[in-house]
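Results of the structural survey
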Amino acid sequence: TQLLEQSPQFLSIQEGENLTVYCNSSSVFSSLQWYRQEPGEGPVLLVTVVTGGEVKKLKRLTFQFGDARKDSSLHITAAQPGDTGLYLCAGAWNNDMRFGAGTRLTVKP
Amino acid sequence: SAVISQKPSRDICQRGTSLTIQCQVDSQVTMMFWYRQQPGQSLTLIATANQGSEATYESGFVIDKFPISRPNLTFSTLTVSNMSPEDSSIYLCSAYTQGGLHFGNGTRLTVT
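Residues numbered from 1 in each chain as written. Chains lettered and ligands numbered in written order. Predicted model: local features only at pLDDT ≥ 70, side-chain atom pairs only at ≥ 80, totals over all residues. Heavy atoms only, no water.

1. Here's the deal with the sheet that holds strand β8 (residues 71–76) of chain A
Residues and elements named next belong to chain A. Convention followed: Strands pair, by our definition, only if DSSP identifies at least two bridges between them. In DSSP terms, a helix is any run of H or I states spanning at least four residues, a strand is any run of E spanning at least two, and both are numbered starting from the N terminus. To define axes, lines are fitted to C-alpha atoms, for helices over the stretch in contact only, and angles between the resulting N-to-C directions are given on a 0 to 180 degree scale.
A sheet is described by the order of its strands in space; here five strands give the open sequence β1-β3-β8-β7-β6, paired in antiparallel fashion. The sheet is open, and its two borders are formed by β1 (5–7) and β6 (55–58), each paired with just one other strand. Here the average twist between neighbouring strands, direction ignored, is 15°. As judged from the six bridges shared by strand β3 (residues 19–24) and β8, these two strands associate in the antiparallel manner. What sits directly across from Cys 23, in β8, is Ser 72.

Right under this line is the structure:
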């Protein structure tokens, strides 16, 4: 059983469209992180959110941490083919990090 | 951000043999982790390796099968022992620093 539930599992969209990926849990996390992974490489940290209700922006990516620190969302505006990859959320849990199942995003030109 | 060097990047091994994966961090870190990942899927934590203490293993992973060393603050190894085809996977080491995990590029292991 995943501690963190991510949705959708797969997402295929056209260039220029917007999308949102969700990460939900019944547990409270001290912090939550989003990673992107491309084939043959390790995950790369995109952002860490710590405070309930926190919103962070990274160019076309907007990350939000839920008020209760149990959920988070990643919104991408005007997706580009370079955004294609596996997006993973991870929560700090008992001195280690637990990952969601991931969302595989494909952006078609 | 921290740079994690992991080797080998890939290997093909025969069942019954063992493989040791090395992970070098370019800065001193307290917390290091070893994960396993099936291609295209999420990461499963194998163990936490903190310097100066025994590695802490997750349910389903045992020290006899996956012995870990952490001799100093910049280096760790994971050994996959007595391998079987079910051990074929990508093994990733990571270090917690600067507010997040930083990963090596993984070791793609195939057991025949």
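2. Looking at the pairing of strand β4 (residues 31–37) of chain B
All names here are of chain B. To be explicit about the condition: Only protein chains enter the accessibility calculation, which uses a 1.4 Å probe; a residue is then buried when its area is under 20% of its type maximum, exposed when over 50%, and partly exposed in between.
The buried count for β4 comes to five of seven residues, which makes it a mostly enclosed element. Sheet topology note: the β4/strand β5 (residues 43–50) ladder contains seven bridges and is antiparallel. Residue pairing across strands places Met 31 opposite Asn 50, the latter belonging to β5. Relative to strand β9 (residues 89–97), β4 runs antiparallel, the two sharing seven bridges. When the bridges of β9 are listed, Met 32 appears paired with Ala 95.

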